[in-house]
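Working through the structure, step by step
If you want the building blocks of each chain, they are given just below.
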Amino acid sequence: MGNREDLLAGARRCLEEKGWARTTIRDITAAAGGVSMAAIGYHFGSREALLNAALIEAIDEWGTETGRTLSGYAEPGATPAEQYEAMWARIIESFTAHRPLWIASFEALLQAEHYPELRQHLARGQAEGRRGLAAILAGVAEDTVDDDVTRTLGAVQLALMGGVMTQWLLDPEQAPSAAQVVAGLRAVVNGLGPAAG
């Protein structure tokens, strides 16, 4: 690897181990194997730009990992509810198995308020996530999902993932299981009653 790649890898390690706010230039260069501090300015312009690049890389990896987690979750012969619960079991498993990636996604949200490029990248990722989740849940190809389905089915699933992830990262012993997520959704739907009209 060259200095640029070493710095990105070092910044990723620092983000996962120390988080954004506590990571210093010295931390990054040490994690990058002793690359000079001046190389950060040369390749990225600033510590913040380097950390943004590392966050974007982590978020892209998170998106790929989420897609991998959700693909092929359905068991042959399972009911839709059993398939949905199996999907949630895989999602919840990834909260523990890939905890640093999920935490990096929270770091990115906080930093996006100050960095328009990062904000735009995350907004594009959310749009892709909504459409991808809608396609998975509807059992159709992603390019066939219309905007209404994306903004309803996909957006609600993405919101659920964010909320359940928050609970698992903060207090896993009290966070809902896959079966409890499904039971909770049933309770919400039953409480709403039949659709109007």
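Here, the structure is the one placed above.
Quick notes on the rules
- Residues numbered from 1 in each chain as written.
- Predicted model: local features only at pLDDT ≥ 70, side-chain atom pairs only at ≥ 80, totals over all residues.
- Heavy atoms only, no water.
- Helix = DSSP H or I, 4+ residues; strand = E, 2+ residues; numbered from the N terminus.
- Buried < 20%, exposed > 50% of the residue type's maximum accessible area, 1.4 Å probe, protein only.
- Contact = heavy atoms within 4.5 Å.
- Areas by Shrake-Rupley, 256 points an atom, 1.4 Å probe, with all protein chains shown as cover.
- Lys, Arg positive; Asp, Glu negative; His and termini not counted.
- Charge placed at Lys NZ, Arg CZ, Asp CG, Glu CD.
- Patch = residues over 30% accessible without salt bridge, like charges linked within 9 Å, V, L, I, M, F, W, Y side chains within 5 Å.
- Salt bridge = Lys/Arg side-chain N within 4 Å of Asp/Glu carboxyl O.
- 1 Å grid on protein atoms, 1.4 Å probe; cavity = no way out; pocket = protein on both sides within 12 Å on 5 of 7 lines; lining within 4 Å.
- Points joined across faces, edges and corners; volume = space filled by probe spheres on them.
- Nonpolar A, V, L, I, M, F, W, Y, C, P; charged D, E, K, R; others polar.
- Axes fitted to C-alpha atoms, helices over the stretch in contact; angles between N-to-C directions.
- Parallel < 35°, antiparallel > 145°, perpendicular 65-115°, else oblique.
- Polar contact = N/O pair within 3.5 Å; in protein donor to acceptor, adjacent residues only side chain to side chain.

**Observations regarding the overall build of the protein**
Each helix and strand counted, the protein has 9 helices and 0 strands in total. Starting at the N terminus and walking to the C terminus, you meet the elements of the protein as α-α-α-α-α-α-α-α-α. Counting only C-alpha atoms and orienting by the principal axes, one finds that the protein spans roughly 65 × 35 × 30 Å. The 197 residues of the protein split such that 36% are buried. Long-range contacts, defined as pairs at least 24 residues apart, comprise 60% of the intrachain contacts of the protein with a sequence gap of at least 6. Of the roughly 11,200 Å² of accessible surface on the protein, a fraction of 55% belongs to carbon and sulfur atoms. Taken together, the 16 basic and 25 acidic charged side chains of the protein have centroids lying 5 Å from each other.

**Brief notes about a negative patch on the surface**
Together, D60, E128, E142 and D143 make up a region of like negative charge exposed at the surface. Examined against the element boundaries, D143 turns out to sit in the loop between α7 (116–138) and α8 (147–170).

**What about the environment of R186?**
Mapped onto the elements of the fold, R186 is located in helix α9 (residues 178–192). The sequence separation of R186 and I40 amounts to 146 residues, and the corresponding C-alpha distance is 51 Å.

**What to know about the layout of surface pockets**
Size it by volume and the largest pocket reaches roughly 710 Å³. Lining the largest pocket are 26 residues, with W62, G125, Q126, G129 and L158 sitting closest to its centre. Listing elements by their share of the lining of the largest pocket, those giving two or more residues are α4 (47–70), α6 (99–112), α7 and α8. If one sorts the elements of the lining of the largest pocket by residue count, α7 sits on top with 10 residues. Considering only residue class, the lining of the largest pocket consists of 12 nonpolar, 10 polar and 4 charged.

**A look at the packing of α7 against α8**
Contact geometry of α7 with α8 gives a least axis separation of 7 Å together with a crossing angle of 100°. Looking at the two axes, α7 sits roughly perpendicular to α8. When α7 is examined against α8, the residues Q126, R130, R131, L133, A134, L137 and A138 are found in contact with a partner set consisting of D147, V149, T150, L153, G154, A155, Q157, L158 and M161. Classifying every residue of the contact of α7 with α8 gives 9 nonpolar, 4 polar and 3 charged.

**Quick look at the side chain of T23**
Its location among the elements puts T23 in the loop between α1 (3–17) and α2 (25–31). Its relative accessible area of 1% is what places T23 among the buried residues. Engagement of the side chain of T23 in a polar contact is seen with the backbone oxygen of G19, the distance being 2.6 Å. Sequence-distant contacts of T23, that is, excluding residues within four places in its chain, are made with C14, L15, K18, I28, R47 and L51.

**Some details on the pattern of salt bridges**
Summed over the entire model, instances satisfying the criterion amount to 6 salt bridges. A salt bridge links R12 to E16; its shortest N-O distance comes to 3.2 Å. Here R12 pairs with E16, and both are found in helix α1, just 4 residues apart, close to one helical turn. The exposure class of E16 is partly exposed, given its relative accessible area of 37%. The closest approach of N and O atoms between R12 and E57, which form a salt bridge, is 3.5 Å. Highlighted residues: R12 in helix α1 and E57 in helix α4, separated in sequence by 45 residues. Taking the relative accessible area as the measure of exposure, R12 reaches 10% and is therefore buried. Within the structure, one salt-bridge network assembled from shared partners comprises R12, E16 and E57.

**A look at the environment of R26**
Tracing the backbone shows R26 in helix α2. Distance from R26 to Y42, taken between C-alpha atoms, is 16 Å for residues 16 residues apart in sequence.

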